[in-house]
Amino acid sequence: MKAFILAAGLGSRLAPLTNDKPKALVEVDGKTMLEGLILRLKSVGITKILINTHHHSQLIIDFIKSKEWEGLSIEISDERGELLDTGGAIVKATAFFEGQENILVHNVDIYTEVDFSKLEKQHRESNSLVSLCVRDRDSSRALLFDNNNKLCGWTNKLIGEFKWVKGKKEDYKSKAYSGVYIASPDFARKIPFKGNFSIIETWLKMAETEIISAYNDSTEFWFDLGTVDKIRTAESQLEKKKRSRRFLEKVASEMKLMSQEDLLKTAVILPNKRSV
């Protein structure tokens, strides 16, 4: 599997942090969004990465050149001439999609702990062209899926707008998109649009003839990093997680030194209020 990082957005919600740099280079938990995501992809064995750029594009290019990415092949899809949106970006990257490997498409301003290998496994087993990572969470916009887990529509809950793939459905599941999906290698060349367009409209159109399915992510942490307040929330939660991990590692280390008799007499109250 290889990965396409969508990093071309203007980052308007992150102003003034993005007045003089792209959102991909805004720091979250001590690292830029871009570096954190690249390292996460590398940790699961992904070595081929494409990054699209537009806003302060050269800063991203310079950042990539300034680091030693051992074992990684990182390329740039430069959209300085025209911001192509989430759909047009895929068409521009058609050559990258070609081959035998599936492509993980990941928004740069999303933090997720979804298991990419499980996502890809379901993608293969369902014979989907695209598998969309979704969650049960509050969102003003949602993707709609039928009882077979296939995309059947989209809604804007604020204004009561619906868009259907093949006519209105009475029975459907509403899921919030997580900013991550896997596509098969022929996805890009099958897209029927050109220029600047949204990936949502693309999925809805292609779902008329192709399998566009949902992958339900129920992992503990998912964060939209699109505003300063949301970044602060994410950093706070991630710090709590790190403190909890350090506590558990300390407990485990100390328990290794205890005799079996002492262990049987010991109760450990964990942060989640369970005991061992």
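Coordinates for the structure precede this section.
The rules we used
- Residues numbered from 1 in each chain as written.
- Predicted model: local features only at pLDDT ≥ 70, side-chain atom pairs only at ≥ 80, totals over all residues.
- Heavy atoms only, no water.
- Salt bridge = Lys/Arg side-chain N within 4 Å of Asp/Glu carboxyl O.
- Helix = DSSP H or I, 4+ residues; strand = E, 2+ residues; numbered from the N terminus.
- Buried < 20%, exposed > 50% of the residue type's maximum accessible area, 1.4 Å probe, protein only.
- Phe/Tyr/Trp six-rings, centres within 6.5 Å; stacked < 30°, edge-to-face > 60°.
- Lys NZ or Arg CZ within 6 Å of the ring centre and 35° of its normal.
- Arc of directions from axis to C-beta.
- Contact = heavy atoms within 4.5 Å.
- Axes fitted to C-alpha atoms, helices over the stretch in contact; angles between N-to-C directions.
- Parallel < 35°, antiparallel > 145°, perpendicular 65-115°, else oblique.
- Left-handed = near helix turned anticlockwise from the far one by under 90°.
- Nonpolar A, V, L, I, M, F, W, Y, C, P; charged D, E, K, R; others polar.
- Pairing = 2+ DSSP bridges.
- Disulfide = S-S within 2.5 Å.

Draft legend 1. How the structure looks around the pattern of salt bridges. All chains considered together, the criterion is met by 16 salt bridges. Linking Lys 175 and Asp 136 is a salt bridge whose minimum nitrogen-to-oxygen distance equals 2.8 Å. Here the residue Lys 175 occupies a position in strand β12 (residues 173-183), and Asp 136 occupies one in the loop between β8 (130-135) and β9 (141-145), the gap between them amounting to 39 residues. A salt bridge links Asp 229 to Arg 232; the shortest N-O distance between them is 3.6 Å. Taken together, the residues span about one helical turn, with Asp 229 and Arg 232 both in helix α8 (residues 228-256) at a distance of three residues. We note that Asp 229, like Arg 232, is exposed.

Draft legend 2. Representation of the packing of aromatic side chains. Evaluation of the coordinates by the stated rule reveals twelve aromatic pairs. When the centroid spacing of 5.1 Å and the interplanar angle of 85 degrees are considered together, the rings of Tyr 181 and Trp 203 count as edge-to-face. Highlighted residues: Tyr 181 in strand β12 and Trp 203 in helix α7 (residues 199-206), separated in sequence by 22 residues. Trp 203 shares its class with Tyr 181; the two are buried. Members of the aromatic cluster, connected to one another through ring pairs, are Phe 4, Phe 97, Tyr 177, Tyr 181, Phe 187 and Trp 203. Sitting over the ring of Phe 96, Lys 2 keeps its end group 4.9 Å from the ring centre. Lying over the aromatic face of Trp 154, Lys 163 brings its terminal NZ or CZ to 5.2 Å of the ring centre.

Draft legend 3. Up close: helix α5 (residues 116-125). Residues of α5 that are buried: Phe 116, Leu 119, Glu 120 and His 123. For α5, the buried positions fall inside an angular range of 95 degrees around the axis, keeping them on one side. In this structure, α5 carries Lys 118 and Glu 125 as exposed residues pointing more than 90 degrees from its buried face. Against α1 (33-43), β6 (103-107), β8, β12 and β13 (212-216) lie the buried residues of α5. In the segment just after α5, Asn 127 is the residue with positive phi, at about 55 degrees.

Draft legend 4. Fine view of the packing of α1 against helix α2 (residues 57-66). Packing of α1 against α2 leaves a shortest axis separation of 11 Å and a crossing angle of 50 degrees. Overall, the two elements α1 and α2 adopt an arrangement that is oblique. α1 and α2 meet at a crossing whose hand is right-handed. Of α2, the residues touching α1 (which contributes Leu 34, Glu 35 and Ile 38) are Ile 60, Phe 63 and Ile 64. Residues that form the contact of α1 with α2 fall into these classes: five nonpolar, no polar and one charged.

Draft legend 5. Highlighting the pairing of β9. Within β9, four of the five residues are buried, leaving the element largely enclosed by the surrounding structure. Where β9 and strand β10 (residues 151-156) come together, five bridges link them in antiparallel fashion. Across the sheet, the residue bridging to Leu 143 is Trp 154, located in β10. Where β9 folds back on β10, the antiparallel hairpin that results is connected by five residues, among which Asn 149 adopts a positive phi of roughly 70 degrees.

Draft legend 6. Region of interest: the environment of Ile 231. Relative to the helices and strands, Ile 231 is located in helix α8. Among the residues examined, Ile 231 registers a relative accessible area of 5% and is labelled buried. Taking the C-alpha atoms as reference points, Ile 231 and Asp 29, 202 residues apart in sequence, are found 8.6 Å from one another. Not counting the four nearest positions on each side in its chain, Ile 231 is found in contact with Leu 14, Val 26, Glu 27, Val 28, Met 33 and Leu 225.

Draft legend 7. Fine view of unusual backbone geometry. Cis geometry is found at the peptide bond from Ala 15 to Pro 16, where omega equals 10 degrees. In this structure, Asn 149 takes a positive phi of about 70 degrees despite not being glycine. Assignment of secondary structure puts Asn 149 in the loop between β9 and β10.

Draft legend 8. Region of the structure containing the state of the cysteines. Applying the stated criterion across every chain yields a total of zero disulfides. For the unlinked cysteine Cys 133, the closest cysteine sulfur is that of Cys 152, found at 18 Å. Taking the relative accessible area as the measure of exposure, Cys 152 reaches 3% and is therefore buried.

So far we have only geometry, and geometry alone does not tell us how the molecule works.
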